[in-house]
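# Remarks on the overall topology
Listed here are the chains, written in short residue letters.
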Amino acid sequence: METTIERKPTSFRLRKDLLEGLKRNAARENRTLNNYVESLLLDIFYHEPNDVTKAAIEEAKNRTHYPEGEVYSSAEELLNALDAE
């Protein structure tokens, strides 16, 4: 049984550094750029997080729980606080 997947040529405008990174990663895995990008998109499209991950995402979105201690609004703010210690 042979299955044919229809493909349609498409073009995207990407940042130059992003495209170069994609090309490097594809070459590292000995894959074409098209195959590499398609597999990344398929992973994103079909990936369904488990229940624990979904709960953590909701918790983060709703900010329903924080561990005891300071809450920082950015990584820079956290690093500055760590440097001050």
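It should be emphasised that the depicted structure is a prediction, and the values quoted were computed from it without experimental measurement. (Residues numbered from 1 in each chain as written. Predicted model: local features only at pLDDT ≥ 70, side-chain atom pairs only at ≥ 80, totals over all residues. Heavy atoms only, no water.)

### Remarks on the overall build of the protein
When helices and strands are counted, the protein shows four helices and zero strands. Reading the protein from its N end, one meets helices and strands in the order α-α-α-α. Here the C-alpha atoms of the protein give a radius of gyration of 20 Å, more than 25% beyond the 12 Å that 2.2 N^0.38 yields for 85 residues. Principal axes of the C-alpha set define a box for the protein whose edges measure 60 × 35 × 25 Å. Within the span of the protein, comprising 85 residues, buried residues form 6% of the whole. Positive and negative side-chain charges in the protein, numbering 12 and 17 respectively, have mean positions lying 12 Å apart. (Helix = DSSP H or I, 4+ residues; strand = E, 2+ residues; numbered from the N terminus. Rg over C-alpha atoms; globule rule 2.2 N^0.38 Å. Buried < 20%, exposed > 50% of the residue type's maximum accessible area, 1.4 Å probe, protein only. Lys, Arg positive; Asp, Glu negative; His and termini not counted. Charge placed at Lys NZ, Arg CZ, Asp CG, Glu CD.)

### Regarding unusual backbone geometry
Despite not being glycine, Asn 30 shows a phi value in the positive range, around 55°. As for its position among the elements, Asn 30 is in the loop between helix H1 (16-28) and helix H2 (33-46).

### Details of the packing of H1 against H2
Running from N to C, H1 and H2 point in directions that differ by 100°, and their axes come no closer than 9 Å. Put simply, H1 runs roughly perpendicular to H2. Together, Leu 19, Leu 22, Lys 23, Asn 25 and Ala 26 of H1 and Leu 33, Tyr 36, Val 37 and Leu 40 of H2 make up the contact between the two elements. Of the residues that constitute the contact of H1 with H2, the class distribution is seven nonpolar, one polar and one charged. (Axes fitted to C-alpha atoms, helices over the stretch in contact; angles between N-to-C directions. Parallel < 35°, antiparallel > 145°, perpendicular 65-115°, else oblique. Contact = heavy atoms within 4.5 Å. Nonpolar A, V, L, I, M, F, W, Y, C, P; charged D, E, K, R; others polar.)

### Some words on a nonpolar patch on the surface
Side chains of Tyr 72, Leu 78, Leu 79 and Leu 82 sit close together on the surface and give an oily, nonpolar patch of about 340 Å² of accessible area. One can find Leu 79 in helix H4 (residues 75-84). (Patch = residues over 30% accessible without salt bridge, like charges linked within 9 Å, V, L, I, M, F, W, Y side chains within 5 Å. Areas by Shrake-Rupley, 256 points an atom, 1.4 Å probe, with all protein chains shown as cover. Salt bridge = Lys/Arg side-chain N within 4 Å of Asp/Glu carboxyl O.)

### Focus on the confidence of the model for the protein
Looking at the protein, pLDDT values average 88 and 92% of them are 70 or higher. Here helix H3 (residues 51-62) stands out as the element of the protein with the lowest mean pLDDT, 86, in contrast to H1, whose mean of 97 is the highest. (pLDDT = per-residue confidence, 0-100.)

### Notes on the pattern of salt bridges
Applying the stated rule across the entire model yields five salt bridges. In this structure, Lys 23 and Glu 20 form a salt bridge, with 4.0 Å as the shortest nitrogen-oxygen distance. You can see Lys 23 and its partner Glu 20 sitting in helix H1, three residues apart, about one turn around the helix. Since its relative accessible area comes to 33%, Glu 20 is described here as partly exposed.

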